[in-house]
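# Summary of the model geometry
Spelled out from the first residue to the last, the chains are:
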Amino acid sequence: DMAVSSSIGSNIFDITVGLPVPWMLYITTQKDVDSVLIKTDGMEISIIILLAMLVTIVIMIHFSGWKMTKSLGGGMFVLYFVYLAQAVIRALPFDACG
């Protein structure tokens, strides 16, 4: 239970502090910079994949009796590596038609 809570809390911290603080520091330390340009290619598919993974993890937790078990941990590792693999594959520069 504590491991799942810790990972969720860590992700919330990363999103609310880890992402905006470097951007704010960059904007305040650079001259003639009003904003930071963020490329959002593929953002929609990333959000859909993350939401699907969230639903999958909640279902996995439900079927494990809301307790952290070895099989639940293994399933989370598998989902994490599947997410990493698809993110790397989608980021690779290749031409599918050529």
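Now for a quick tour of the structure. (Residues numbered from 1 in each chain as written. Predicted model: local features only at pLDDT ≥ 70, side-chain atom pairs only at ≥ 80, totals over all residues. Heavy atoms only, no water.)

Attention shifts here to the overall build of the protein chain. The number of helices and strands found in the protein chain is 4 helices and 0 strands. Secondary structure elements of the protein chain occur, N-terminal to C-terminal, as α-α-α-α. Against the compact-globule benchmark of 13 Å for 98 residues, the protein chain has a radius of gyration of 18 Å, which places it well outside the compact range. Dimensions of the protein chain along its principal axes, counting C-alpha atoms only, are 55 × 45 × 15 Å. Taking all 98 residues of the protein chain together, 10% fall into the buried category. Taking the intrachain contacts of the protein chain between residues at least 6 apart in sequence as the baseline, contacts between residues at least 24 apart amount to 43%. Accessible surface computed for the protein chain: about 8200 Å², of which carbon and sulfur atoms make up 72%. (Helix = DSSP H or I, 4+ residues; strand = E, 2+ residues; numbered from the N terminus. Rg over C-alpha atoms; globule rule 2.2 N^0.38 Å. Buried < 20%, exposed > 50% of the residue type's maximum accessible area, 1.4 Å probe, protein only. Contact = heavy atoms within 4.5 Å. Areas by Shrake-Rupley, 256 points an atom, 1.4 Å probe, with all protein chains shown as cover.)

Turning our attention to the packing of aromatic side chains. Using the criterion set out here, one finds 2 aromatic pairs in the structure. Note on F77 and F81: the rings are 6.2 Å apart at their centroids and 15° apart in plane angle, and the pair reads as stacked. A residue pair is termed a helical-turn pair when its members lie 3 or 4 positions apart in one helix, as F77 and F81 do in helix 4 (residues 70–91) at 4 residues. A residue is classified by how much of its surface remains accessible, and F77, at 55% relative accessible area, is exposed. Where Y80 meets F81, the ring centres are 5.5 Å apart and the plane angle is 65°; that geometry is what we call edge-to-face. For F81, a relative accessible area of 49% puts it in the partly exposed group. By way of ring pairs, the aromatic residues F77, Y80 and F81 are connected into one cluster. (Phe/Tyr/Trp six-rings, centres within 6.5 Å; stacked < 30°, edge-to-face > 60°.)

Its 22 residues place the ends of helix 4 32 Å apart at the C-alpha level, agreeing with the 32 Å of an ideal helix rising 1.5 Å per residue. For helix 4, the full list of buried residues reads L72, G73, G75, L79 and Q86. Along the axis of helix 4, the buried positions cluster into a sector of 160°, meaning they face one direction only. More than 90 degrees from the buried face of helix 4, the exposed residues found are K70, F77, V78 and A91. Of the surrounding elements, those touching the buried residues of helix 4 are helix 3 (43–63). (Expected span 1.5 Å × (residues − 1). Arc of directions from axis to C-beta.)

Let us look at the environment of V17. Relative to the helices and strands, V17 is located in helix 1 (residues 2–18). Each C-alpha atom of the pair V17 and V55 lies 25 Å from the other, and the pair is 38 residues apart in sequence.

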